[in-house]
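# Overview (structure and organization)
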Amino acid sequence: MNEHRRQILEMLSAGKITADEAERLIAALEKSDAPASVGGASAPAKKAKYLRVLVDAEDGGDPHQGPVKVNIRVPMQLLRAGVRLAGLIPAQARDHVNQALHEKGIPFDINQIRPENLEDLVDQLNELTIDVDVNNKNGYGDEKVKVRVFCE
Amino acid sequence: MIPMVGVISVNHWPRSRSFRLWIPLFIVWILLLPLAILTLPLFLVVCLIARVNPLEAIATFWAILSGCRDTHIEINNRDALVLIRIL
């Protein structure tokens, strides 16, 4: 972080930025530095335990449908086990799966799912957040669907 | 640890038409254990044919079973609330 501060000071001395701008940049640096220093540099990142899927659908006035809410919590352990299961699929079956995925337009190779890549995959999921907002018009009004996928 | 209890709850509106079913999964596991032992040779043969390490397959199956613990599925609409929990 000192390096960033030095760069700001060099820009200030070179006349590229004003003193006010430098002050603002340093303040921003300090702000971004604050959360890391509270937990301590050596504190391990908190591992997510669950994958959550929340769906909130409004009916848009349709008297036959009504609002629907779905709340799913899947333990990460189950995902880990699922990845391990993919490693047990025989080679012939994997080829069939890959072929079927390609036919559906999904360019994914199931051979890439390996137990040794498991932790990396789950770690990446920790920072996953997907928000989907859909607005459809039906005969009664606006139908709104909100889908949220995240880890906690 | 494998799940010991499953809960299925269905609440129809009004709430008088509701039920909650607690399934003691530990009893199910105890009942399935003799069956699992009986089918073990067949399982080993299938693993040999499919060229899968049987120990790894058992470990994965156990991991899936253990991973189901704490699963929570809740679906709520205008007519009913359905809740499935594995504890």
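Just so you know, the residues in each chain are numbered from 1, in the order the chain's sequence is written. All chains are assigned letters beginning at A, and all ligands numbers beginning at 1, according to the order in which they are written. Restriction of local features to residues with pLDDT of at least 70 applies here, the model being predicted, together with a cutoff of 80 or more for giving and counting side-chain atom pairs; totals for whole chains, interfaces and linings are based on all residues. Only hydrogens and water are removed before side-chain values are computed, so all heavy atoms of the structure are retained for them.

### Let's talk about the overall build of chain A
Per the convention used, a helix needs a DSSP run of H or I reaching at least four residues, while a strand needs a run of E reaching at least two, with both numbered from the N terminus. The helix and strand inventory of chain A stands at 5 helices and 4 strands. Along chain A, from the amino end to the carboxyl end, the secondary structure elements read α-α-β-β-α-α-α-β-β. Taking all contacts inside chain A whose residues are at least 6 apart in sequence as the whole, residues at least 24 apart take part in 53%. Accessible area of chain A: about 10,700 Å², with a carbon and sulfur share of 54%. Residue contacts follow a heavy-atom distance rule, with two residues in contact if any of their heavy atoms lie within 4.5 Å. Areas reported here follow the Shrake-Rupley algorithm with a probe of radius 1.4 Å; residue values treat only the protein chains shown as occluding.

### Let's talk about the pattern of salt bridges
Residue and element names in this part refer to chain A. Throughout this description, the term salt bridge denotes a Lys or Arg side-chain nitrogen within 4 Å of a carboxyl oxygen of Asp or Glu. Counting across every chain of the model gives 3 salt bridges over all chains. Residues Arg148 and Asp131 are paired through a salt bridge, measuring 3.1 Å at the closest nitrogen-oxygen approach. Of this pair, Arg148 sits in strand E4 (residues 142–151) while Asp131 sits in strand E3 (residues 129–137), and the two are 17 residues apart along the sequence. Using a relative accessible area of 52% as the deciding quantity, one classes Asp131 as exposed. Each residue is assigned to one of three classes by its accessible area relative to the maximum for its type, calculated with a 1.4 Å probe on protein chains only: buried under 20%, partly exposed between the two thresholds, exposed over 50%.

### Section: the interface of chain B and chain A
Interface size is commonly expressed as the accessible area that is lost once the parts come together. Counting residues at the interface gives 20 residues for chain B and 20 residues for chain A. Buried surface at the junction of chain B and chain A, both sides included, amounts to about 1,700 Å², of which 57% is carbon and sulfur. Taken together, the connections running from chain B to chain A amount to 0 salt bridges. Think of a polar contact as two N or O atoms within 3.5 Å of one another; within protein, one of them needs to be a possible hydrogen donor and the other a possible acceptor, and neighboring residues in sequence only count if both atoms come from side chains. Scanning the region where chain B abuts chain A turns up 5 residue pairs in polar contact (both at pLDDT 80 or more). Two parts placed together each lose some accessible area under a 1.4 Å probe, and adding up what both lose gives the buried area.

### Overview of the side chain of B:Ser9
Following the sequence through the fold, B:Ser9 ends up in strand E1 (residues 5–12). With residues up to four places along the chain from it excluded, the contact list for B:Ser9 reads B:Phe19, B:Arg20, B:Leu81, B:Val82 and B:Leu83.

### Focus on a nonpolar patch on the surface
Nonpolar side chains (Val, Leu, Ile, Met, Phe, Trp, Tyr) within 5 Å and like charges within 9 Å form the patches, drawn only from residues with over 30% relative accessible area and no salt bridge. Taken together, the side chains of B:Phe26, B:Ile27, B:Ile30 and B:Leu31 make up a nonpolar region of the molecular surface, amounting to roughly 400 Å² of accessible area. Take B:Ile27: it is sitting in helix H1 (residues 25–50).

### Description of unusual backbone geometry
The phi dihedral of B:Arg51 is positive, around 55°, even though this residue is not glycine. Relative to the helices and strands, B:Arg51 resides in the loop between H1 and helix H2 (54–67).

### Concerning the nonpolar core
Residues and elements named next belong to chain A. Here, nonpolar core refers to any group of buried Ala, Val, Leu, Ile, Met, Phe, Trp, Tyr and Cys residues whose side-chain atoms link them within 4.5 Å. Grouped together as the largest cluster of nonpolar side chains are 6 residues: Ala48, Leu51, Met76, Val122, Val149 and Cys151. Residue contacts for Val149: discarding those within four places in its chain leaves Leu51, Arg52, Val53, Leu128, Thr129 and Ile130. Counting residues in hydrophobic clusters, the runner-up holds 5 residues, among them Ile8, Ile17, Ala22 and Leu29.

### Details of the packing of aromatic side chains
All names here are of chain A. Centres within 6.5 Å are what make two rings of Phe, Tyr or Trp a pair, Trp counting through its six-membered ring; a difference in plane orientation under 30 degrees is then read as stacked, over 60 as edge-to-face, and the rest as tilted. If you walk through the whole model with that rule in mind, you get 0 aromatic pairs over all chains. Over a ring means this: the NZ of a Lys or the CZ of an Arg is within 6 Å of the ring centre and within 35 degrees of the ring normal. The lysine or arginine in question, Arg73, covers the ring of Tyr50, its NZ or CZ lying 4.6 Å from the ring centre. Sitting above the plane of the Phe150 ring, Arg148 keeps its charged end 4.5 Å from the centroid.

### As for the sheet that holds E1(B)
For two strands to be treated as a pair, DSSP must find no fewer than two bridges joining them. Spatially, the 8 strands line up as an open sheet ordered E3(A)-E4(A)-E1(A)-E2(A)-E3(B)-E4(B)-E1(B)-E2(B), and their pairing is antiparallel. The open sheet terminates on both sides in strands that have one partner only, identified here as E3 of chain A together with strand E2 (18–24) of chain B. With direction set aside, neighbouring strand axes in the sheet form an average angle of 5°. As judged from the 5 bridges shared by strand E3 (residues 72–76) of chain B and strand E4 (residues 80–86) of chain B, these two strands associate in the antiparallel manner. Paired with B:His72 across the two strands is B:Arg85, which belongs to E4(B). This element, helix H3 (residues 76–88) of chain A, spans strand E1 (50–58), strand E2 (68–75) and E4 of chain A of the sheet and lies at about 65° to E2(A). Only the contacting stretch of a helix is used when fitting its axis, a line to C-alpha atoms as for every element, and angles between N-to-C directions run 0 to 180 degrees. In this fold H1(B) packs onto E1, E2 and E4 of chain B, with an angle of close to 40° to the strand it touches most, E2(B).

### Structural notes on the confidence of the model for chain B
If pLDDT is low for a region, its predicted coordinates should not be looked at in detail. Residue and element names in this part refer to chain B. The predicted model of chain B averages 90 in pLDDT, with 97% of residues at 70 or higher. pLDDT runs from 0 to 100 and stands for how confident the predictor is about each residue. E3 holds the highest mean pLDDT among the elements of chain B, 94, whereas E2 holds the lowest, 91. Confidence estimates for the predicted assembly give a pTM of 0.68 and an ipTM of 0.85.

### Quick look at the packing of H3(A) against H2(B)
One way to put it is that H3(A) packs onto H2(B) with a least axis distance of 8 Å and a crossing angle of 155°. On the basis of their axis angle, the class for H3(A) and H2(B) is roughly antiparallel. The way H3(A) lies across H2(B) gives a crossing that is left-handed. Every residue of H2(B) that contacts H3(A) at A:Gln77, A:Leu78, A:Ala81, A:Arg84, A:Leu85 and A:Leu88 is listed here: B:Glu56, B:Ala57, B:Ala59, B:Thr60, B:Ala63, B:Ile64 and B:Gly67. Under this grouping Gly is polar, as are all residues other than the nonpolar Ala, Val, Leu, Ile, Met, Phe, Trp, Tyr, Cys and Pro and the charged Asp, Glu, Lys and Arg. Considering only residue class, the contact of H3(A) with H2(B) consists of 8 nonpolar, 3 polar and 2 charged. Roughly parallel here means an angle under 35 degrees, roughly antiparallel means over 145, roughly perpendicular means 65 to 115, and every remaining angle is called oblique. The sense of a crossing depends on the near helix, which, turned anticlockwise from the far helix by less than a right angle, makes the crossing left-handed and, turned clockwise, makes it right-handed.

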